[in-house]
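Residue-level listing of the chains:
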Amino acid sequence: MNEKDLKYFREILEEKRLSIVQDLGMLEQRSMHATSEEASGGQIYSDHMPELGSDSIEREKAFLFASRDGAYLTQVEDALERIKRGTFGACRVCEKAIPKARLEAVPTTRLCVPCKEEEQRQGSRAT
């Protein structure tokens, strides 16, 4: 992959990383706000018990979003590391170049489409 393409994908990945970090920061702030309300007795003694259930569901959703974002952040950082090492854009299975269109659709991918399809076929046979 040439330098121009690497720069292009680095910029995409860095934008994604920034967006994820911002999202995680917002989720953390909401979580801290909810936790401080609970510590001060804010809604624990509420006359509106259904609100407590809703708050619990919202915290659970925030946790799931944070987990998902954290996993994706790891994939983004791995892709940025592959750019530094010069291995970005090469399929980890067949070692052929991953087409640019695939990388634009899934910039964190480590597999070309045929190898990904084979991985999915193997996975469906195992279950």
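Residues numbered from 1 in each chain as written. Predicted model: local features only at pLDDT ≥ 70, side-chain atom pairs only at ≥ 80, totals over all residues. Heavy atoms only, no water.

(A) How the structure looks around the overall build of the protein chain. Helix and strand content of the protein chain: 4 helices and 0 strands. Written out in order from the N terminus, the α and β elements of the protein chain read α-α-α-α. For the protein chain, buried positions account for 23% of its 127 residues. By sequence separation, contacts in the protein chain at least 24 residues apart represent 58% of the contacts at least 6 residues apart. (Helix = DSSP H or I, 4+ residues; strand = E, 2+ residues; numbered from the N terminus. Buried < 20%, exposed > 50% of the residue type's maximum accessible area, 1.4 Å probe, protein only. Contact = heavy atoms within 4.5 Å.)

(B) Structural view of the pattern of salt bridges. For the structure shown, the criterion picks out 6 salt bridges. For Glu11, the salt bridge is made with Lys7, and the minimal N-O distance between the two is 3.5 Å. Here Lys7 and Glu11 lie together in helix H1 (residues 3-39), a separation of 4 residues that amounts to about one turn. By relative accessible area, which is 38% here, Glu11 ends up partly exposed. Classification of Lys7 by relative accessible area gives partly exposed; the value is 48%. (Salt bridge = Lys/Arg side-chain N within 4 Å of Asp/Glu carboxyl O.)

(C) Just the nonpolar core, in detail. Formed by 16 residues in total, the largest nonpolar core has its most connected members in Leu13, Ile83, Phe88 and Cys91. Elements that contribute at least two residues to this core include exactly H1 and helix H2 (49-85). With 5 residues, the top contributor of residues to this core is H2. Those residues within four positions of Cys91 in sequence are excluded, and the remaining contacts are Lys96, Ile98, Arg110, Leu111, Cys112 and Cys115. (Core = buried A, V, L, I, M, F, W, Y, C linked by side-chain atoms within 4.5 Å.)

(D) Representation of the confidence of the model for the protein chain. Confidence in the prediction of the protein chain, expressed as mean pLDDT, is 84, and 79% of residues score 70 or more. Element-level mean pLDDT values for the protein chain span from 82 in H1 up to 96 in helix H3 (residues 100-105). (pLDDT = per-residue confidence, 0-100.)

(E) Local environment of unusual backbone geometry. A positive phi angle is found at Glu95, which is not glycine, with a value near 65 degrees. Of note, Glu95 is situated in the loop between H2 and H3.

(F) Spotlight on the packing of aromatic side chains. Here the structure, examined in full by the defined rule, presents 2 aromatic pairs. Centre to centre, the rings of Tyr8 and Phe9 are 5.0 Å apart; their planes meet at 70 degrees, and the pair counts as edge-to-face. The exposure class assigned to Tyr8 is partly exposed, which follows from its relative accessible area of 34%. Summarising the aromatic geometry, the rings of Phe9 and Phe88 are spaced 5.4 Å apart at their centres and angled 45 degrees between planes, so their arrangement reads as tilted. Placement of the pair is Phe9 in helix H1 and Phe88 in the loop between H2 and H3, with a sequence separation of 79 residues. Joined through ring pairs, the aromatic side chains of Tyr8, Phe9 and Phe88 make up one cluster. (Phe/Tyr/Trp six-rings, centres within 6.5 Å; stacked < 30°, edge-to-face > 60°.)

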